[in-house]
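Structural overview
Next come the chains, spelled out residue by residue.
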Amino acid sequence: MVLNFLRFFLACLCLSITFVSPSNADSSENVSLKQQRAIYDKAHKLLDNRQFESYEKVRPKIAGYPLTPYLDYRRFLIGISHRSPDEVRNFIHHYNDFPFSNRISAPYLDGLAREKKWKLMLEYQIAEPRGETYQCYYYYAQAKYGNREEGFRGAQKLWLSGHSIADACDPLFSLWGKVGLRSEELILKRMHLAFEARNRSLMHYLANLLKSQKAKRQADEMKVLFDSPIKVRKFARKHQPTTFHQNQVILALKKLARSEIEKAVKLFPEVVKAQKISRVQAQELADYLAFRMINTERESLSQWRDNKISSSSNTALIERRVRLAIQEADWSSVIKWIDILPKDKQNSLRWQYWLARSELALGQHFSGQQRMESIIGQRNFYSVAAAKELQRSIHYPTSEILLNHDIIDAFDTELIRIEELIERDKIEAGKSEWRWLLDRADAQQRRMLAAYAAFKGWHHFTVMASIKAQMWDNISIRFPIAHRWWFNFYGDKHSIDPITLMSLARQESGLDIEAISPVGARGIMQIMPSTAKYTAKKYKLAYRGTQDLYSVGKNIEIGSHYLDGLLNQYNNNRIFALAAYNAGPHRVKTWRKRTQGKLDAYAFIEAIPFKETRGYVQNILMFETYYREVLGVDGAFLNPHELKTKY
């Protein structure tokens with residue numbers, strides 16, 4: 001093992017020193033890495049300033065520099081609409097080892113559309129592209145200069161959306177409308193989709209497109225139902241049962257349920273009967289209503305809800321009903337509702353654990369203990385919970401991997417390039433390269449790439465690769481020890497276990513210091529800019545703005561202060577604090593009000609209605625267990641005061 005490690009270290013050292021490929025040795029063999037970087041930056045500026053002649057003179061000096069292809073990419077994009085389809089295809093083929101090869105088509109299609117080169121577009125784009133805008137281009141080109149029938153088929157497909165459609169589709173829709181194919185039936189059908197998407201402005205726009213009195217009347221009735229869904233009974237009685245009318249009453253009842261669930265339930269049987277809604281559709285509608293009133297306290301509504309759930313095949317709804325039974329500590333009902341789940345769900349570790357808990361609570365000790373015994377020893381939250389129930393130590397399967405560079409020799413060029421991107425702080429490009437590499441690697445190579453990233457200390461890349469390779473049992477690879485100084489420093493400052501902070505960061509961002517969530521959370525602990533501003537002001541922390549959140553130290557400082565505030569609010573209870581970190585303190589307050597101090601820690605976690613938050617809390621508790629194993633640190637799965645708390 002030592003010899004293998006030494007061999008690999010020397011190989012990596014050699015790769016880190018030289019970036020010159022043999023084919024380009026003549027042009028760059030006498031240029032140091034530092035000089036190549038400086039020339040690269042100069043060439044980049046020359047392209048920015050459109051100084052192409054000067055750029056062409058400079059480029060040979062960095063022909064062997066790993067990042068030079070990125071300059072080739074930028075140069076190729078300039079004036080791309082004037083290139084032939086073959087030129088673009090050849091460029092993509094030549095650079096297919098780079099993630100940017102997958103991004104060439106979009107700007108090319110944009111340029112062709114901008115210059116109205118529709119025939120050239122059809123020559124290049126021979127199948128429907130991805131993305132609404134590019135589909136608009138493609139189908140317009142087909143309708144105008146290619147397969148007219150295919151173009152108009154695409155127009156209809158794009159038209160049928162409950163949301164606004166890209167402006168790029170306007171020429172296509174105009175052409176489609178001029179030949180009389182945008183029928184009033186299709187306009188009304190799209191109004192239904194807009195109804196379902198709760199898009200009243202789009203409904204109003206579409207209604208104005210109608211010409212015939214019949215269609216206008218239908219549109220007006222639809223708008224009335226949208227604005228006053230309570231009128232659904234009158235509508236259902238007045239109109240003959242058709243698919244068109246059935247869709248409207250279903251949408252109206254759903255809309256009514258969101259504001260007045262009791263009235264929706266009352267009208268349900270009459271509307272279903274009047275419109276002769278099928279048994280399957282009626283059950284799907286009942287499922288929707290049952291979801292809306294899962295926490296109702298009215299006995300008549302809860303009876304109706306349970307009656308409908310008992311005949312449902314909606315697994316998510318039935319599981320939600322099981323959680324309601326857990327929330328109410330109604331152990332007989334837990335068993336009853338689990339029993340109607342599909343067999344594969346019943347046999348999951350989650351529901352086997354809760355069956356065992358229910359049996360124990362009902363005095364069925366032998367069967368309950370046997371069931372608990374059957375699920376311990378696995379790498380799973382419920383297996384750990386079962387071990388704790390039986391007062392056993394935690395065990396689960398683990399694996400290790402020995403780095404063997406021979407398996408990933410074929411990727412040496414890519415790995416050199418990724419290392420240079422990281423060295424130059426071009427992290428987003430490095431992540432893109434890494435994802436592209438993992439997509440092309442086979443299962444064995446992915447595992448070895450994870451080991452390589454761990455060796456290099458590329459923490460987020462290690463996590464990415466371990467997930468892609470499904471290395472679930474390899475705890476040391478899945479949970480890198482990253483930024484430990486900062487976690488220790490702020491953990492000590494706030495009397496928070498640093499492992500809790502590290503586990504939270506691992507869950508939030510996969511240890512990606514430049515992570516940005518879809519809602520705008522930033523950095524390793526995924527902090528919203530508004531939260532950062534509030535926390536910095538409250539605790540008088542230096543904070544210059546959102547960019548600070550990409551600094552590991554500052555992000556952990558703000559995140560640890562915020563978590564410390566939550567822990568203080570909840571008497572150092574991680575379950576409440578972690579749930580609040582993910583979903584907000586106001587939701588935790590609502591959930592505690594529902595459970596009314598009747599539950600233990602495990603039952604409260606299971607009763608959390610948000611799948612994301614429930615999984616979030618469970619994951620972090622498990623991640624702490626894994627990190628303690630990796631670091632050789634003792635610690636409880638749940639602390640004594642957390643176990644004693646009534647939730």
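Given the structure is predicted, the values throughout are model-derived calculations rather than measurements.

Examining the side chain of His239
- Secondary-structure assignment places His239 in the loop between α15 (232-238) and α16 (243-259).
- Of note is the side chain of His239, whose polar atom sits 3.1 Å from the side chain of Glu221.
- A polar contact is formed between the side chain of His239 and the backbone oxygen of Phe235, at a distance of 3.0 Å.
- Those residues within four positions of His239 in sequence are excluded, and the remaining contacts are Glu221, His245 and Gln275.

Examining the state of the cysteines
- As enumerated under the stated definition, the model contains one disulfide in all.
- Between the sulfur atoms of Cys136 and its disulfide mate Cys169 the distance is 1.8 Å. Taking the torsion about the S-S bond as the criterion, the Cys136 to Cys169 disulfide, at about -80 degrees, is left-handed. Of this pair, Cys136 sits in helix α9 (residues 132-145) while Cys169 sits in the loop between α10 (148-159) and α11 (170-178); the two residues are 33 residues apart in sequence, bridging distant segments of the chain. No difference in accessibility class separates Cys136 from Cys169, as the two residues are buried.

So, the UniProt feature "domain: Lytic transglycosylase superhelical linker" (unreviewed entry) in the protein chain
- If you check UniProt for "domain: Lytic transglycosylase superhelical linker" (unreviewed entry), the listed places come out as residues 411-475 in our numbering.
- Note that residues 411-475 is 78% helix and 0% strand, and that its end C-alpha atoms are spaced 25 Å apart.

Digging into helix α25 (residues 381-389)
- Where burial is concerned, most of α25 is hidden: seven out of the nine residues are buried.
- Packing partners of the buried residues in α25 comprise α23 (349-361), α24 (365-375), α37 (601-607) and α38 (611-631).
- At the exit of α25 stands Gln391, carrying a positive phi of roughly 55 degrees.

Some thoughts on the nonpolar core
- In this structure, Met121, Trp159, Met191, Phe195, Val232, Leu253 and Phe268 are the most contacted members of the largest nonpolar core, which totals 91 residues.
- For this core, the element with the highest residue contribution is α9, accounting for eight residues.
- Those residues within four positions of Phe268 in sequence are excluded, and the remaining contacts are Leu253, Ala282, Leu285, Ala286, Leu289, Trp304 and Lys308.
- Listed in part, the 87 residues of the second largest apolar core include Ala356, Met372, Met525 and Met622.

Considering the packing of aromatic side chains
- If you walk through the whole model with that rule in mind, you get 46 aromatic pairs.
- Centre to centre, the rings of Tyr70 and Phe98 are 6.2 Å apart; their planes meet at 85 degrees, and the pair counts as edge-to-face. Linking Tyr70 in helix α5 (residues 68-77) with Phe98 in the loop between α6 (85-94) and α7 (105-114), this pair joins segments that are 28 residues apart in sequence. Residue Tyr70 shares its accessibility class with Phe98, and that shared class is buried.
- Taken together, the aromatic side chains of Tyr70, Tyr73, Phe76, Phe91, Tyr95, Phe98 and Phe100 make up a single cluster linked through ring pairs.
- The side chain of Arg75 reaches across the aromatic face of Phe52, ending 4.1 Å from its centre.
- Over the face of the ring belonging to Trp351 we find Arg350, whose NZ or CZ atom lies 6.0 Å from the ring centre.

Basis of the calculations
Residues numbered from 1 in each chain as written. Predicted model: local features only at pLDDT ≥ 70, side-chain atom pairs only at ≥ 80, totals over all residues. Heavy atoms only, no water. Helix = DSSP H or I, 4+ residues; strand = E, 2+ residues; numbered from the N terminus. Polar contact = N/O pair within 3.5 Å; in protein donor to acceptor, adjacent residues only side chain to side chain. Contact = heavy atoms within 4.5 Å. Disulfide = S-S within 2.5 Å. Buried < 20%, exposed > 50% of the residue type's maximum accessible area, 1.4 Å probe, protein only. UniProt positions renumbered as here; feature names shortened; annotations may be inferred. Core = buried A, V, L, I, M, F, W, Y, C linked by side-chain atoms within 4.5 Å. Phe/Tyr/Trp six-rings, centres within 6.5 Å; stacked < 30°, edge-to-face > 60°. Lys NZ or Arg CZ within 6 Å of the ring centre and 35° of its normal.

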